[in-house]
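Coordinate analysis (summary)
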Amino acid sequence: QVQLVESGGGLVQPGGSLRLSCAASGSIFSINNMGWYRQAPGKQRELVATITDSGSTNYADSVKGRFTISRDNAKNTVYLQMNSLKPEDTAVYYCNADGRLRRVFGVGSFNSWGQGTQVTVSS
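Calculation notes
Residues numbered from 1 in each chain as written. Predicted model: local features only at pLDDT ≥ 70, side-chain atom pairs only at ≥ 80, totals over all residues. Heavy atoms only, no water. Pairing = 2+ DSSP bridges. Helix = DSSP H or I, 4+ residues; strand = E, 2+ residues; numbered from the N terminus. Axes fitted to C-alpha atoms, helices over the stretch in contact; angles between N-to-C directions. Salt bridge = Lys/Arg side-chain N within 4 Å of Asp/Glu carboxyl O. Buried < 20%, exposed > 50% of the residue type's maximum accessible area, 1.4 Å probe, protein only. Disulfide = S-S within 2.5 Å.

Read from one edge to the other, the open sheet built from four strands follows the order E1-E3-E8-E7, with strand pairing classed as antiparallel. Strand pairing shows two members of the sheet lacking a second neighbour, strand E1 (2-7) and strand E7 (67-72), which therefore form its edges. When the angles between neighbouring strand axes are averaged without regard to direction, this sheet yields 15°. The pairing of E1 with strand E3 (residues 18-26) spans six bridges and is antiparallel.

Okay, here's the thing in structure tokens:
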């Protein structure tokens, strides 16, 4: 089993910045993709940013130029640097990771989610 633990959420004023972290642990063989998703009240969960094991990134149009996703493979950790925050960025942010994990009789696959961390942008 693979667990994801998030940190870094909180309350920030418009125009401010936050840095989210998500560390993966468990019987990890390898991690392929890591990403961040968010869900605002009354809305569906949406993709924010993803990053592959080789460092290729993808961003939602609404956050391009403001958010930066990165990862530290040695620490099995993904980050989301959020700058120029807007009230519409307010949401619960979820970490996601997929890859392969160790099993008794070989290697299996996983796709895990974090518990979510609240980001509130308000004056």
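Okay, unusual backbone geometry next. Residue Asn76 is not a glycine yet carries a positive backbone phi of 50°. In this structure, Ser84 is a non-glycine residue whose phi angle is positive, near 50°. Relative to the helices and strands, Ser84 resides in the loop between strand E8 (77-82) and strand E9 (91-103).

What follows deals with the pattern of salt bridges. A complete count under the given rule lists four salt bridges for this structure. Between Glu46 and Arg38 there is a salt bridge, with its nearest N and O atoms 2.8 Å apart. Lys64 is paired through a salt bridge with Asp61; the nearest N and O atoms lie 3.1 Å apart. Given the relative accessible area of 65%, Asp61 is considered exposed. Each of Arg38, Glu46, Arg66 and Asp89 takes part in salt bridges that share partners, so that together they form one network.

Further remarks concern the state of the cysteines. Tallying each qualifying case throughout the model produces one disulfide. Disulfide pairing is shown between Cys22 and Cys95; the S-S distance is 2.1 Å. Because the torsion about its S-S bond is -85°, the bridge between Cys22 and Cys95 counts as left-handed. Of this pair, Cys22 sits in strand E3 while Cys95 sits in strand E9; the two residues are 73 residues apart in sequence, bridging distant segments of the chain. Residue classification places Cys95 among the buried positions, given a relative accessible area of 0%.

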